[in-house]
Amino acid sequence: KMISLDKFIYSIGIRHIGQENAKILASFFGSIKEFTKLFDLKNRKKILVNLVDLDGIGETQVQSIDNFFSSETNIIIIKNLINKLNIKNYASLNKGGKFSNKKLMFTGGFKNMSRSEAKAIAENNGGRFVRWQAARRISAPAETCLNKLEQITPSGPWIILTNGNSLESSEK
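Residues numbered from 1 in each chain as written. Predicted model: local features only at pLDDT ≥ 70, side-chain atom pairs only at ≥ 80, totals over all residues. Heavy atoms only, no water.

Okay, the packing of aromatic side chains next. Taken as a whole and judged by the stated rule, the model has six aromatic pairs. Each ring, one from Phe 35 and one from Phe 69, has its centre 5.6 Å from the other, and the planes form 75 degrees; the classification is edge-to-face. Of this pair, Phe 35 sits in helix H3 (residues 32-35) while Phe 69 sits in helix H5 (residues 59-69), and the two are 34 residues apart along the sequence. The burial state of Phe 35 is the same as that of Phe 69; both residues are buried. Where Phe 39 meets Phe 69, the ring centres are 5.8 Å apart and the plane angle is 40 degrees; that geometry is what we call tilted. One end of the pair, Phe 39, is in the loop between H3 and helix H4 (41-51); the other, Phe 69, is in helix H5, with 30 residues separating them in the sequence. Here the two residues Phe 39 and Phe 69 agree in accessibility, since each one is buried. Among the aromatic side chains, those forming a connected cluster through ring pairs are Phe 8, Phe 28, Phe 29, Phe 35, Phe 39, Phe 68 and Phe 69. (Phe/Tyr/Trp six-rings, centres within 6.5 Å; stacked < 30°, edge-to-face > 60°. Helix = DSSP H or I, 4+ residues; strand = E, 2+ residues; numbered from the N terminus. Buried < 20%, exposed > 50% of the residue type's maximum accessible area, 1.4 Å probe, protein only.)

Below you can see the structure in the form of structure tokens.
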């Protein structure tokens, strides 16, 4: 049986993870291989710190994910499901556009649009929005932003919009 990553995440029944949260998580992880890194406590703690910064994921969802994967029974069940299913990598609906197959991170604010408008523009142009980064935590050199992003999810290519007016990209 074939199933998409977002539907798989939704179907395993993590408390407080609805269909929209499952899509956000699937977009973040990209593949079942990355998602299974939650099985390991050390990896899980690193991942959970970064999940809070995803637009649409909060402390409640992060705590629920941690609780869910703290159960060895849940991990065994998930491993068995993964072995029986063909889980497709997450694919954004819009493959074309300026940001096609790119992950985006925004730092700072935008003068002429809201955060949700910026996110919609990115996604409507084929991009995969990863997160907002507060300017006080990363003060804008593209290399610093890229290093932070690679800690969150290591595969590129990335596009980083810093302070709403400059565009940097990294082809990896």
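From this point on, the discussion continues.
Attention now goes to helix H7 (residues 115-124). Among all positions of H7, only Ala 118, Lys 119 and Ala 122 are buried. For H7, the angular spread of buried residues about the axis comes to 100 degrees, placing them on one side. With respect to the buried face of H7, the exposed residues turned more than 90 degrees away are Ser 116 and Asn 124. Just beyond H7, the residue with positive phi is Gly 126, at close to 85 degrees. (Arc of directions from axis to C-beta.)

Our next topic: the packing of H4 against H5. In a packed pair of helices, the relevant descriptors are the angle between the two axes and the axis-to-axis distance. Running from N to C, H4 and H5 point in directions that differ by 160 degrees, and their axes come no closer than 10 Å. One way to sum up the angle between H4 and H5 is to call them roughly antiparallel. The two elements H4 and H5 meet at a crossing, and its hand is right-handed. Contacts between H4 and H5 involve Arg 44, Lys 45, Leu 48 and Leu 51 from the former and Val 62, Ile 65, Asp 66 and Phe 69 from the latter. Classifying every residue of the contact of H4 with H5 by side-chain character gives five nonpolar, no polar and three charged. (Axes fitted to C-alpha atoms, helices over the stretch in contact; angles between N-to-C directions. Parallel < 35°, antiparallel > 145°, perpendicular 65-115°, else oblique. Left-handed = near helix turned anticlockwise from the far one by under 90°. Contact = heavy atoms within 4.5 Å. Nonpolar A, V, L, I, M, F, W, Y, C, P; charged D, E, K, R; others polar.)

Attention now goes to the nonpolar core. Grouped together as the largest cluster of nonpolar side chains are 30 residues, with contacts concentrated most on Phe 8, Phe 35, Leu 51, Ile 65 and Phe 69. Counting only elements with at least two residues in this core, the list comes to helix H1 (5-11), helix H2 (19-29), H3, H4, H5 and helix H6 (72-84). When residues of this core are assigned to their parent elements, the largest contribution, six residues, is made by H2. Excluding residues that lie within four positions of it along the chain, Phe 35 makes contacts with Phe 8, Ile 9, Ile 12, Phe 29 and Phe 69. (Core = buried A, V, L, I, M, F, W, Y, C linked by side-chain atoms within 4.5 Å.)

Attention now moves to the side chain of Arg 44. Structurally, Arg 44 is set in helix H4. Residue class for Arg 44 comes out buried when judged on its relative accessible area of 4%. Not counting residues up to four positions away in its chain, the partners in contact with Arg 44 are Lys 37, Leu 38, Phe 39, Asp 66, Phe 69 and Ser 70.

Bringing unusual backbone geometry into the picture now. With a phi close to 70 degrees, His 16 is a non-glycine residue in the positive phi region. Within the secondary structure, His 16 sits in the loop between H1 and H2. According to the relative accessible area criterion, His 16 is partly exposed, its value standing at 39%.

Here we come to the pattern of salt bridges. When the charged atoms of two side chains lie near each other, side chains of opposite charge can form a pair. A full pass over the atoms with the stated rule returns four salt bridges. Here the residues in one salt-bridge network are Arg 44, Lys 45 and Asp 66, joined through shared partners. (Salt bridge = Lys/Arg side-chain N within 4 Å of Asp/Glu carboxyl O.)

The subject of this paragraph is the confidence of the model for the chain. For the chain, the average pLDDT comes to 77, and 67% of its residues sit at 70 or higher. Counting contacts from residues 162-172, a segment whose pLDDT is below 50, to residues more than four positions away or on other chains yields 30 contacts. (pLDDT = per-residue confidence, 0-100.)

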